[in-house]
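A structural walkthrough
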Amino acid sequence: MLTIAISKGRMQDATLALFARAGIEAKEEALRSRRLLIETADGRCSFIFVKPGDVPTYVEYGVADAGVCGRDVLLESRAEVHEPLDLKLGYCRLAVAGRREVLGEDYNLLATVRVATKFPRITSEYFHERGIPIEVITLSGSVEIAPLLGLSDRVVDLVETGRTLRENGLEVIDVIMESTARLIVNRASFHLKREEISRLIADVGAVVE
Amino acid sequence: MSSLTKIPAGVQYFFDDEARLRREVERRVMSVFAGWSYDEIILPMFDYHDLFARGMGADQAERTYRFTDRDGALLALRPELTSLVARTVATRFLRRARPIRLCYSGEVFRYDEPAERAAREFHQLGVEHIGQPGAAADIEILLVATEAISSLGIRDFRIALAHVDFFNGVSEYLQLRDADRARLRELIDRRNSQALDEFLQQRAPQVEAERRRGFCRLTQIAGKQDALDGARAVLVNERSRAAVEELARVYATLDALGLAEHFDIDLGDAGGLEYYTGLTFKVYAPGWGAEIGGGGRYDHLIGNFGAPEPAVGFSLSLDALTGARAGSRSNPAQQSSDDAEHIARGDDYAEAFRAAREVRLRGGKVIVKSS
């Protein structure tokens, strides 16, 4: 049996719908419950529901054989896992944004740019590649508010529609990467449960749109 | 924070059953190595940093713990043991008959990123088989590895076989620039076959679609005979053809020995290219989420320290072996002080300890209790 870690929240429903189309379906009443570990109807897999940022960890350590998480989360985690499928759902962009009225300022000329983000590693890499010294302020949510309150000069955050940014007076300055959901697989499970994993990749791969 | 309670990240303490289990695992594995006539070599905890940089390359040597000798020379805690073995063989075993079979057991120290999730102190058990090229030595060490793992009662382990020249042949044929070669390797390593397919369409439009898709399928999933057959169908040049035929020969021998169930052909493993020159392999066991060991042929390493000569070896992680072993049902090392003979110590110390020594002379286990 395969254990699959599913990201709770934003991508959860779309992920479960995709698995259901691939014939890997959880029982209706189990889904309605608040249980965090549920088996599929055919007993082939069990789903565990965890915070998106934790999916790569569960999979890297082999507690889950496979998982679904955004490419943004995967790159931030630097988890040593396989990444066989792009599920093409949960599209969003990871972008640098700042307050509308200071957009004209070239941040390369600032002594040190203060950047608030939930993605400290990707943020550091992005600015370091451009030779811009930064101070990363790691927050766990509501990042958009940081520039308004003067906590940071910029934010690096996920943008789906851009509405949250706009309503908080921020505008996208640059897109760091585009992200969609990925199927990731533990490196040991990949070999030890090869038959089940190949079937999972084939079944899910066949219904990706 | 007090240094009495704080423990540096990555270091480990072992006691009770865990300590006994580690010693028992080490003993069993080392006795398998000895059974195949691999002589133990005991190596220094630290040596010149330059030695490790020569051995494993500057990148790997960056991950060492470094400090200076009294004369200012840069030293490093050993990050691996193969370089120390290679230097010793190249400089001090010149007159010894080949092949030379050596084994070791010891801790290595590596600063791994991201540091918070990685142990920095590992215990490796390994063998090196030096001075003999070709499949016979490769097969021998695979058998040693198989027996060592089996001796611990670990079943259902898998050893994934690969060959560096499969990847090298392909990237040579595609005439990729360094950056593209690194990208190709990353895509293969991540099993990201969609992105791999797109990458090849762009960078290697000369490869026909069927062959390209065959290559993507092949590197995505490991296999057995089917993977070898699949590889023959997409082969592009002599170098990758020779690699696959070498693998086929090793696999056929393992199959003839009745060991095929433990071995897979994994052409999607493009690891260790800087270091290995032929067959490579990684070992996986239930109960451990990462490889428990690995190895391969490294015919260039010893040349960094003297005259070049072929070599092949592997190491297993004691930490992983005990982790995988602890998950299986019986623990061979369970034992406590209950089986000891109790001797009450009264005021006459001589009488009590005389009795205790008698037990010891008989070979018994004793515990002296204050009454």
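Before any of the text, the structure's been laid out above.
A brief report on the enclosed structure follows. (Residues numbered from 1 in each chain as written. Chains lettered and ligands numbered in written order. Predicted model: local features only at pLDDT ≥ 70, side-chain atom pairs only at ≥ 80, totals over all residues. Heavy atoms only, no water.)

Observations regarding the interface of chain A and chain B
Counted only if it meets this: It only takes one pair of heavy atoms within 4.5 Å for two residues to be counted as in contact. By buried area we mean how much accessible surface two parts lose on assembly, using a 1.4 Å probe and totalling the loss over both. The term salt bridge refers to a pairing of a side-chain nitrogen on Lys or Arg with a carboxyl oxygen on Asp or Glu at a separation within 4 Å. In protein, a polar contact means a hydrogen-donor-capable atom and an acceptor-capable atom, both N or O and within 3.5 Å, with residues adjacent in sequence counting only if both atoms are side-chain atoms; elsewhere, any N or O pair within 3.5 Å suffices. A run of DSSP states H or I qualifies as a helix once it reaches four residues; a run of E qualifies as a strand once it reaches two. Both are numbered from the N-terminal end.
Contact residues are listed per partner, giving 27 residues for chain A and 26 residues for chain B. For the pair chain A and chain B, the summed buried area comes to about 2,200 Å², and 42% of that belongs to carbon and sulfur atoms. Contact with chain B buries area across many residues of chain A, yet A:His191, A:Leu192 and A:Arg194 alone supply 30% of it, more than any other trio. The interface formed by chain A and chain B holds 4 salt bridges in total. Here A:Glu83 ties to B:Arg190 by a salt bridge, and the two come within 3.3 Å at their closest N and O atoms. In this assembly, chain A and chain B are joined by 14 residue pairs in polar contact (both at pLDDT 80 or more). Listed by contribution, the elements that provide at least two residues to the side of chain A that touches chain B are α4 (71–77), β5 (82–86), α8 (187–192) and α9 (194–207) of chain A.

Comments concerning a positive patch on the surface
Residues and elements named next belong to chain A. Filter applied, for reference: Grouping into patches uses exposed residues only, defined as over 30% relative accessible area, and leaves out salt-bridged ones; the cut-off is 9 Å for like charges and 5 Å for nonpolar side chains (Val, Leu, Ile, Met, Phe, Trp, Tyr). Note on areas: Shrake-Rupley, 1.4 Å probe, and residue coverage restricted to the protein chains presented here. Residues counted as positive are Lys and Arg, residues counted as negative are Asp and Glu, and His and the chain ends are not counted. By convention, charge coordinates are those of NZ in Lys, CZ in Arg, CG in Asp, or CD in Glu. Only protein chains enter the accessibility calculation, which uses a 1.4 Å probe; a residue is then buried when its area is under 20% of its type maximum, exposed when over 50%, and partly exposed in between.
Together, Lys8, Arg34, Lys51 and Lys118 make up a positively charged patch on the protein surface. Its place among the elements puts Lys51 in the loop between β3 (45–50) and α3 (55–60). With relative accessibility at 57%, the residue Lys51 sits in the exposed group.

Let's talk about the packing of helix α9 (residues 209–220) of chain B against helix α10 (residues 225–234) of chain B
A pair of packed helices is characterised by two quantities: the angle between their axes and the separation of those axes. Residue and element names in this part refer to chain B. Applicable threshold: Only the contacting stretch of a helix is used when fitting its axis, a line to C-alpha atoms as for every element, and angles between N-to-C directions run 0 to 180 degrees. Any angle that is under 35 degrees is reported as roughly parallel, and any over 145 degrees as roughly antiparallel; angles of 65 to 115 degrees are reported as roughly perpendicular and all others as oblique. Two helices crossing with the near one rotated counterclockwise from the far one by less than a right angle form a left-handed crossing, whereas a clockwise rotation gives a right-handed crossing.
At their nearest, the axes of α9 and α10 sit 9 Å apart, and the two run at 150° to each other. As judged from the angle between their axes, α9 and α10 are roughly antiparallel. By crossing handedness, the relation of α9 to α10 is classed as left-handed. Each of Arg211, Gly214, Phe215 and Leu218 in α9 lies in contact with α10, whose residues at this interface are Ala227, Gly230, Ala231, Ala233 and Val234.

Focus: the packing of helix α8 (residues 193–203) of chain B against α9(B)
Residue and element names in this part refer to chain B. What counts, and what does not: Following the grouping adopted for this structure description, the nonpolar residues are Ala, Val, Leu, Ile, Met, Phe, Trp, Tyr, Cys and Pro, the charged ones are Asp, Glu, Lys and Arg, and the polar ones are all others, Gly among them.
Where α8 contacts α9, the two axes come as close as 9 Å, and the packing angle between them is 145°. As α8 runs across α9, the sense of the crossing is right-handed. Every residue of α9 that contacts α8 at Ser193, Leu196, Asp197, Leu200 and Gln201 is listed here: Arg212, Arg213, Phe215, Cys216, Thr219 and Gln220. Classifying every residue of the contact of α8 with α9 by side-chain character gives 4 nonpolar, 4 polar and 3 charged.

Let's talk about the packing of aromatic side chains
Just so we agree on the cut-off: Note on ring pairs: Phe, Tyr and Trp rings are taken, using the six-membered ring of Trp, and paired if centres are within 6.5 Å. Classes follow the plane angle, with under 30 degrees stacked, over 60 edge-to-face and the rest tilted. Over a ring means this: the NZ of a Lys or the CZ of an Arg is within 6 Å of the ring centre and within 35 degrees of the ring normal.
For the structure on display, the rule yields 10 aromatic pairs over all chains. An angle of 25° between the planes, with centres 6.1 Å apart, marks the rings of B:Phe166 and B:Phe215 as stacked. Of this pair, B:Phe166 sits in helix α6 (residues 164–174) while B:Phe215 sits in helix α9; the two residues are 49 residues apart in sequence, bridging distant segments of the chain. Pair check on accessibility: B:Phe166 and B:Phe215 agree, each one buried. Put simply, the rings of A:Phe19, A:Phe47 and A:Phe49 touch in pairs and so form one group of aromatic residues. Here B:Arg22 stacks its cationic end above the ring of B:Phe14, 3.7 Å away from the centre of that ring. Across from the ring centre of B:Phe93, 4.0 Å away, lies the NZ or CZ of B:Arg96, which sits over that ring.

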